[in-house]
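One letter stands for each residue in the lines below.
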Amino acid sequence: MIKKSRCGFFSCVETGCHIDLKDKSRAGLNIRGAHPQALMIDYHVHTALCGHAEGKMEEYVLSAISNGLKEICFLDHLTTRPYDRKISMTVAEVPVYYKEARRLQEKYHSKIEVKAGLECDFDPEMVSAIEDVVGSFSFDCIGASVHFIDDWNIVSRRKAARYGTQDLAELGKRYVASLLNMMSYDFFDVVCHIDVIKKFGHPELRSFLDSQEEIFVEIKKKGCAVEVNTSGYDHPVCEAYPSPAILFRLCENSVPITLGSDAHRPEDVGRYFARTIKMIRSAGYEYLLSFDKRKARIRNLAY
Ligand SMILES: [Zn+2]
Ligand SMILES: [Zn+2]
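Undergrad: Explain the environment of Ile65 to me, and be specific about the residues and the numbers.
TA: Mapped onto the elements of the fold, Ile65 is located in helix 1 (residues 57–66). Through-space distance from the C-alpha of Ile65 to that of Glu113 is 9.8 Å; in sequence the pair is 48 residues apart. Filtering out sequence-adjacent residues up to four positions away, Ile65 remains in contact with Tyr108, Lys111 and Ile112.

Shown next as structure tokens:
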């Protein structure tokens, strides 16, 4: 028996398998053969390699196991343009990172699935460099983020004072333009912290994306997932990325989601997930996506 959920996904009542009938042909989304399981995943975890996170990769895995998670994906920073040495691992470090993620996958496979991915900075001039790295490994998931406007790292606390010198409405427009530009490329599977421009709590930016209909349309056309990122609860804005309003619109547009803590310390793995799952359900979602060699898998929501 099939019933239609509010967000346009179809739910098989007997098995709980969720299938988006409108997007069966979506490139890379392997819906057939998905085995829905109730589990909790964290698809955005950093490592000390990026220069501003703490802890060994193994400590993140152990933290995830102790928090009862069933799947964790390393999504450490890859910034190909040399802006600042403390924001990303180097391209030369990627093989070490990848190898360690695979070692941990092997070591802990009976307790947790460990996946390897990257959080790539969107930079239109460096897309081919990113594609070279991404194409050299069998990553499970590639996230894409807008962290920069020109040479300004808009998520850096050290550089947050610069917001005070900006025309914030204009800044919001430039951020949206960068997101839309990113949607024209194919190197990624997930849009990370989509409304991170609100990070420092400026009222003008807090709900700027809520009314940007063009973005929801482009993401739907693109066929990628959007991450629900819980790090925002620890930032001045004190709200997850995306906002409940955006999540509602994404669900209406049948855009799939995944979930990540953006942990930069092992103890932050899985942070605020219980409250965030409630928000996700309120928006109309009944599932999350996980990834295996960049093919999406549909997971029922736990909790
Ligand atoms: Zn980020
Ligand atoms: Zn991150």
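Undergrad: Outline the packing of helix 4 (residues 168–182) against helix 6 (residues 213–222), supporting the account with residue identities and numerical values.
TA: Interhelical geometry of helix 4 versus helix 6 gives an angle of 15° and a closest axis separation of 10 Å. In terms of their interaxial angle, helix 4 and helix 6 are classed as roughly parallel. Along this stretch, helix 4 crosses helix 6, giving a crossing that reads as left-handed. Of the residues in helix 6, those touching helix 4 at Val176, Leu179 and Leu180 are Glu214, Ile215 and Glu218. Its residues placed into classes, the contact of helix 4 with helix 6 shows four nonpolar, no polar and two charged.

Undergrad: Explain the sheet that holds strand 7 (residues 113–121) to me, and be specific about the residues and the numbers.
TA: The strand order 5-6-7-8-11-12-13 describes an open sheet built from seven strands, whose pairing is parallel. The sheet is open, and its two edges are formed by strand 5 (41–45) and strand 13 (257–260), each paired on a single side. Relative to strand 6 (residues 71–78), strand 5 is paired through three bridges, and the arrangement is parallel. Bridge assignment links Asp42 to a residue of strand 6, and that residue is Ile72.

Undergrad: Which residues make up the nonpolar core, and what values do they have?
TA: Residues Ile72 and Ile257 are the most contacted members of the largest nonpolar core, which totals 74 residues. With five residues, the top contributor of residues to this core is strand 6. Not counting residues up to four positions away in its chain, the partners in contact with Ile257 are Ala225, Val226, Glu227, Val228, Leu250, Ile280, Tyr285, Leu288 and Leu289.

Undergrad: Which residues make up unusual backbone geometry, and what values go with them?
TA: Of note, the amide linkage connecting Tyr241 to Pro242 takes the cis form, showing an omega dihedral of 0°. Mapped onto the secondary structure, Pro242 falls in the loop between strand 12 (225–229) and helix 7 (244–252). Residue Cys238 is not a glycine yet carries a positive backbone phi of 55°. Since 9 C-beta atoms lie within 10 Å of it, Cys238 is described here as exposed. The phi torsion at Arg294 lies on the positive side, around 70°, for a residue other than glycine. Examined against the element boundaries, Arg294 turns out to sit in the loop between strand 14 (287–292) and strand 15 (295–301). Residue Arg294 is classed as partly exposed on the basis of its 16 C-beta neighbours within 10 Å.

Undergrad: If you had to explain the pairing of strand 5 to someone new, which residues and values would you point to?
TA: In terms of residue burial, strand 5 counts as a mostly covered element, since five of its five residues are buried. For the handedness criterion, the β-α-β arrangement of strand 5, helix 1 and strand 6 is classed as right-handed.

Undergrad: Pulling in residues and values, what's your account of the packing of helix 1 against helix 2 (residues 94–107)?
TA: Their axes nearest at 10 Å, the elements helix 1 and helix 2 cross at an angle of 35°. Like other packed secondary-structure pairs, helix 1 and helix 2 cross with a definite hand, here right-handed. Residues Met57, Glu58 and Val61 of helix 1 lie in contact with helix 2, whose contacting residues are Glu100, Ala101 and Leu104.

Undergrad: Let's hear about the environment of Tyr287: which residues, and what values?
TA: Within the element layout of this structure, Tyr287 appears in strand 14. Separated by 13 residues in the primary sequence, Tyr287 and Asn300 place their C-alpha atoms 4.3 Å from one another.

What counts and what doesn't
Residues numbered from 1 in each chain as written. Chains lettered and ligands numbered in written order. Predicted model: local features only at pLDDT ≥ 70, side-chain atom pairs only at ≥ 80, totals over all residues. Helix = DSSP H or I, 4+ residues; strand = E, 2+ residues; numbered from the N terminus. Contact = placed C-beta atoms within 7 Å. Axes fitted to C-alpha atoms, helices over the stretch in contact; angles between N-to-C directions. Parallel < 35°, antiparallel > 145°, perpendicular 65-115°, else oblique. Left-handed = near helix turned anticlockwise from the far one by under 90°. Nonpolar A, V, L, I, M, F, W, Y, C, P; charged D, E, K, R; others polar. Pairing = 2+ DSSP bridges. Core = buried A, V, L, I, M, F, W, Y, C linked by C-beta atoms within 7 Å. Buried ≥ 20, exposed ≤ 12 C-beta atoms within 10 Å, placed from the backbone. Right-handed = clockwise from strand over helix to strand, strands pointing away.

So yeah, pure geometry; function would need other evidence.
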